[in-house]
Amino acid sequence: MFFLKKKKDVVGIDIGSSSVKLVQLKDLKGVYQLLNIGIVPLPPEAIVDNSLMDSASIVSAVKNVVASLGIKVKDVACSISGNSVIIRKITLPAMPSEELEDQITWEAEQYIPFDINDVNMDFQILSPDNIDPTKMNVLLVASKKDIINDYVAVFHEAGLQLSVVDVDSFTVQNAFEANHDANPDEVLALINIGASVMNINIVKAGVTLFTRDVQMGGNLYTEEIQKQLGLSSIESESIKLLAHETGNSALMEVLDKVNVAITQEIRRSLDFYNSTANDDKIARIFVSGGCSKVYNLVESINEKLGLPVEMINPFAKLKYNEKDFDPEYLHEIGPLMAVTVGLAIRRVGDK
């Protein structure tokens, strides 16, 4: 979102707290063809609270995945979330986009809790205001420059150029819209649950109505399994997604407890949105992220919130050669790849 140049293809690289994921797509006039996909794990603590703590390991992982796939494209799209980014929906006097470009720094100062000179900013005009037609709704996105600079440095060291910086919530929306048909009259909650951050994006007809990042995710299961079952971090991580196969009742109990905690956090965010939404109530929930694969989580969200819940499939409408990409493998990793597919859809110079 922050680096706007002439339009060129990019490779989408998602640096998550547990792995580096890469997707390369070819745009065939609105239909996307899958060219490359790869996942390389990161060591624990490489990323802590959205900060790149072990740059050497991250650079190595990026180099490995790019080299192993023979990627030639040098322009990269990546994304940020959590406390790395500030997203505000604000109301401003109606004006053309070019005029707002000149005024946004001044307008944004009151909404950004940092020195305005220390942040990169971007904006998207959403719609005229429902109550006052002389005003418009604008989505304001900002991140501290030092966070962006860390990513720039990592990709530079890996021999790549960071050309597009997006936000996790919006990349998931990109992947969803490219692969799922949605009723434009329905309000949808797109929830991406990663290892350490849960991104909640409530949308209608492609427009964000509410967004929030919550600092919780799959690591909560790992920590609770460690604590309750006395396993190591590595053992806890590996057993987390195998509960239905092991039939371990103590493990099921731990998962159920964390499922409830995550569901309650989702409910809080959705209730907050619904309390201010008039008639635009949430109709359906779509989930993605590695954590969404945890046993019974989707069922827990469905049961406790009383709403239909589906998994996002970021490969549903992509073209690919089944000789090159195993459909079963793509189905298996699909929930993990929504952010990365959404990044690969971006092009340098997009707004």
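What counts, and at which threshold
- Residues numbered from 1 in each chain as written.
- Predicted model: local features only at pLDDT ≥ 70, side-chain atom pairs only at ≥ 80, totals over all residues.
- Heavy atoms only, no water.
- Helix = DSSP H or I, 4+ residues; strand = E, 2+ residues; numbered from the N terminus.
- Rg over C-alpha atoms; globule rule 2.2 N^0.38 Å.
- Buried < 20%, exposed > 50% of the residue type's maximum accessible area, 1.4 Å probe, protein only.
- Contact = heavy atoms within 4.5 Å.
- Areas by Shrake-Rupley, 256 points an atom, 1.4 Å probe, with all protein chains shown as cover.
- Lys, Arg positive; Asp, Glu negative; His and termini not counted.
- Charge placed at Lys NZ, Arg CZ, Asp CG, Glu CD.
- pLDDT = per-residue confidence, 0-100.
- Phe/Tyr/Trp six-rings, centres within 6.5 Å; stacked < 30°, edge-to-face > 60°.
- Pairing = 2+ DSSP bridges.
- Axes fitted to C-alpha atoms, helices over the stretch in contact; angles between N-to-C directions.

Asker: Kindly report on the overall build of the chain, identifying the contributing residues and their values.
Answerer: Summing up its helical and strand segments, the chain has 11 helices and 15 strands in all. At 20 Å, the chain has a C-alpha radius of gyration in line with the 20 Å of a compact globule built from 351 residues. In the chain, which comprises 351 residues, the share counted as buried stands at 50%. Here the contacts in the chain between residues at least 6 apart in sequence split such that 68% fall between residues at least 24 apart. Entry remark: accessible area of the chain is about 16300 Å², with carbon and sulfur atoms responsible for 49%. Here the chain holds 32 positive side-chain charges and 48 negative ones, and the gap between their average locations is 4 Å.

Asker: Tell me about the confidence of the model for the chain, and please be specific about residues and values.
Answerer: Within the chain, residue pLDDT values average 91, and 97% of them lie at 70 or more. Contacts from residues 1–6, a stretch scored under 50 in pLDDT, to residues over four places away or in other chains number 29 contacts.

Asker: Give me helix 5 (residues 219–229): which residues, what numbers.
Answerer: The complete set of buried residues in helix 5 reads Tyr221, Thr222, Glu224 and Ile225. For helix 5, the elements touching its buried residues are helix 6 (233–240), helix 8 (249–275) and helix 9 (297–305). Note on helix 5: the residue one or two positions beyond its end, Gly230, has a positive phi of about 65 degrees.

Asker: Go over the packing of aromatic side chains with me, naming the residues and quoting the values.
Answerer: Counted under the stated rule, the structure contains four aromatic pairs. Relative to Tyr273, the ring of Phe210 lies with its centre 6.3 Å away and its plane at 50 degrees, an arrangement referred to as tilted. Here the residue Phe210 occupies a position in strand 13 (residues 207–214), and Tyr273 occupies one in helix 8, the gap between them amounting to 63 residues. For the pair formed by Phe210 and Tyr273, the shared burial category is buried. Taken together, a centroid distance of 6.4 Å and an interplanar angle of 85 degrees make the contact between Tyr320 and Phe325 edge-to-face.

Asker: Before we move on, can you summarise unusual backbone geometry with the specific residues and values?
Answerer: Phi angles above zero are rare outside glycine, and Glu45 is one such case at about 70 degrees. Within the secondary structure, Glu45 sits in the loop between strand 3 (31–41) and strand 4 (47–48). Its identity as a non-glycine residue notwithstanding, Ala205 has a phi of 50 degrees, on the positive side. If you trace the backbone, Ala205 turns up in the loop between strand 12 (198–204) and strand 13. Residue Ala205 is classed as exposed on the basis of its relative accessible area, which comes to 55%.

Asker: Before we move on, could you go through the sheet that holds strand 3 and cite the residues and values that matter?
Answerer: Ordered by their spatial adjacency, five strands build an open sheet running 3-2-1-6-10, and the pairing between neighbours is mixed. Strands with a single pairing partner mark the edges of an open sheet, and in this sheet they are strand 3 and strand 10 (161–167). The mean inter-strand angle of the sheet, taken between neighbouring strand axes irrespective of direction, is 25 degrees. Relative to strand 6 (residues 75–80), strand 1 (residues 11–15) runs parallel, the two being bridged by two bridges. Each residue of the ladder has a partner; that of Gly12, found in strand 6, is Ala77. Running at roughly 135 degrees to strand 3, helix 1 (residues 55–69) makes contact with strand 1, strand 2 (19–28) and strand 3 of the sheet. Those strands touched by helix 11 (residues 338–345) are strand 1, strand 2, strand 3, strand 6 and strand 10, and its axis lies near 40 degrees from that of strand 2.

Asker: Give a detailed account of the pairing of strand 1, specifying residues and quantitative values.
Answerer: In terms of burial, strand 1 is largely enclosed, as five of its five residues are buried. Neither face of strand 1 is exposed, since Val11, Ile13 and Ile15 on one face and Gly12 and Asp14 on the opposite face are all buried. Summarising the sheet, strand 1 and strand 2 pair through four bridges and their orientation is antiparallel. Looking across to strand 2, one finds that Gly12 is bridged to Val23. The turn linking strand 1 back onto strand 2 is made up of three residues.

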